[in-house]
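Architecture and fold: a report
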Amino acid sequence: MKEALVYKGPRVEVHDAGIPKAEAGQVVIKVAVSGSNPKDWKAPEWFDQLNGSNQGDDMAGTIHAVGQGVTEFRKGDRVAAFHEMMKPGGSYAEYAVAWAHTTFCLPEKTSFEEGAALPLAAMTAAVGLYAVDRLNLPHPWAQATKATPLLVYGASSSVGSYVLQLAKRSNIHPLICVSGRAHEHVEKLIDRSKGDTIIDYRKGDEAVVQGIKDALKGEKLYYAYDAVSEKGSPQNIAKVLDTASGRTTFVLPPKGDWKGKFDQFEGSVHQSTTMVGSVHSDSVADRDLGYVYFRYFTKGLEEGWFRGQPQEVVPGGLHGIQSALERLKDGTASAVKYVFRIGETEGVGA
């Protein structure tokens, strides 16, 4: 099979590899479409051992094989899945491996392109919103019964977009959305009648902080989801979050360029980092949360209240990955998920 390896740069090379095998509790998926994430170019630069590895973690396709103990899926089932990060068998290949509990069925009306836009970012949103050691907000089946302002920094990003959809399903309002040029995209995901609003970060930090305060209308802010976690977002959140019992979660860890990020907060603010890889950890709570929400995504797709971030198909299959990662690195991507049709790769199916 063909597989793409990502190197520092980013630089991508496509080579021949063997089809992976499913261990107990795993499935092998014939990948129709793979999705990309900013992590894919960052990991080879952060970790030398990952320089020249298959960094794909989002996939959609059909079940090729199941491992021992897997009863939920059968060969040929249409699925999407979240590959365990930093492990072999990633989705930048014709065949990939995923754990059964982070695999979920795709309704017939959901395209593989949309399916590949979901897993990592959508689960990051769910873990940050609902895990007890993150924001611990009400689940959609136990909706909020009173006004619950939620600040979403980076609302047009993939993670931010899924935060908005899930929070809206949980009846969490007003949603205070910090975004940039993707105003129209965010507008489609909020409810103005419930006080939801958009603040343009391009107007500067002072305007952002004042815009958040104006949107609160005198109410306190207890919850903030930072889907950016750099370029001043933690500092701005620190100026508006309640210092007695506020909760904020970040998508980047407080190290390297983000060292000291948590130092911005005073009082008893509960601070956390949402690492989506926790659904593959030994934590029963996070693994079960992942299991439940991936299946809940299937329900949302079928019922129409949940949908994937807009997708842009990059031509060339696996050979298109490098150009997409370059655009993710230089910041030109906005409100879009870059996906790759594996069948378009030269040599596939030959």
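Presented here is an overview of the structure given in this document. Computed from a predicted structure; not experimentally measured.

1. Here we look at the side chain of glutamine 309
- Structurally, the position occupied by glutamine 309 is in the loop between helix H8 (284-303) and strand S14 (311-313).
- A distance of 2.8 Å separates a polar atom in the side chain of glutamine 309 from a polar atom in the side chain of serine 161.

2. Here we look at unusual backbone geometry
- With omega at 5°, the peptide bond leading from glycine 9 into proline 10 counts as cis.
- Here proline 10 is to be found in the loop between strand S1 (2-7) and strand S2 (11-16).
- For the peptide bond that leads from histidine 173 to proline 174, omega is -5°, which places it in the cis range.
- Within the secondary structure layout, proline 174 lies in the loop between helix H4 (158-169) and strand S9 (175-179).
- Unusually for a residue other than glycine, asparagine 136 sits at a positive phi of about 55°.
- Its location among the elements puts asparagine 136 in the loop between helix H3 (119-130) and strand S8 (150-153).
- Look at serine 229: it is not a glycine, yet its phi comes out positive at around 65°.
- Relative to the helices and strands, serine 229 is located in the loop between strand S11 (223-226) and helix H7 (233-238).
- Judged by its relative accessible area of 0%, serine 229 is buried.

3. Overview of the environment of alanine 98
- Mapped onto the fold, alanine 98 is located in strand S6 (residues 95-99).
- For the pair alanine 98 and aspartate 57, spaced 41 residues apart in the sequence, the C-alpha separation amounts to 8.9 Å.

4. Thoughts on a positive patch on the surface
- The grouping of Lys168, Lys188, Lys194 and Arg307 at the surface amounts to a positive patch.
- Secondary-structure assignment places lysine 168 in helix H4.
- Relative accessible area serves as the criterion here: at 35%, lysine 168 is assigned to the partly exposed category.

5. Focus: the sheet that holds strand S10 (residues 197-200)
- Read across the sheet, six strands follow the order S10-S9-S8-S11-S12-S13 without closing on themselves; strand pairing throughout is parallel. With partners counted over all chains shown, the strands left at the sheet margins are S10 and strand S13 (270-273), one partner each. Across the sheet, the mean angle from the axis of one strand to that of its neighbour is 15°, orientation sign disregarded.
- Packed onto the sheet, H3 meets S8, S11 and strand S12 (247-250) and runs at close to 155° relative to S11.

Calculation rules
- Residues numbered from 1 in each chain as written.
- Predicted model: local features only at pLDDT ≥ 70, side-chain atom pairs only at ≥ 80, totals over all residues.
- Heavy atoms only, no water.
- Helix = DSSP H or I, 4+ residues; strand = E, 2+ residues; numbered from the N terminus.
- Polar contact = N/O pair within 3.5 Å; in protein donor to acceptor, adjacent residues only side chain to side chain.
- Buried < 20%, exposed > 50% of the residue type's maximum accessible area, 1.4 Å probe, protein only.
- Patch = residues over 30% accessible without salt bridge, like charges linked within 9 Å, V, L, I, M, F, W, Y side chains within 5 Å.
- Areas by Shrake-Rupley, 256 points an atom, 1.4 Å probe, with all protein chains shown as cover.
- Salt bridge = Lys/Arg side-chain N within 4 Å of Asp/Glu carboxyl O.
- Lys, Arg positive; Asp, Glu negative; His and termini not counted.
- Charge placed at Lys NZ, Arg CZ, Asp CG, Glu CD.
- Pairing = 2+ DSSP bridges.
- Axes fitted to C-alpha atoms, helices over the stretch in contact; angles between N-to-C directions.
- Contact = heavy atoms within 4.5 Å.

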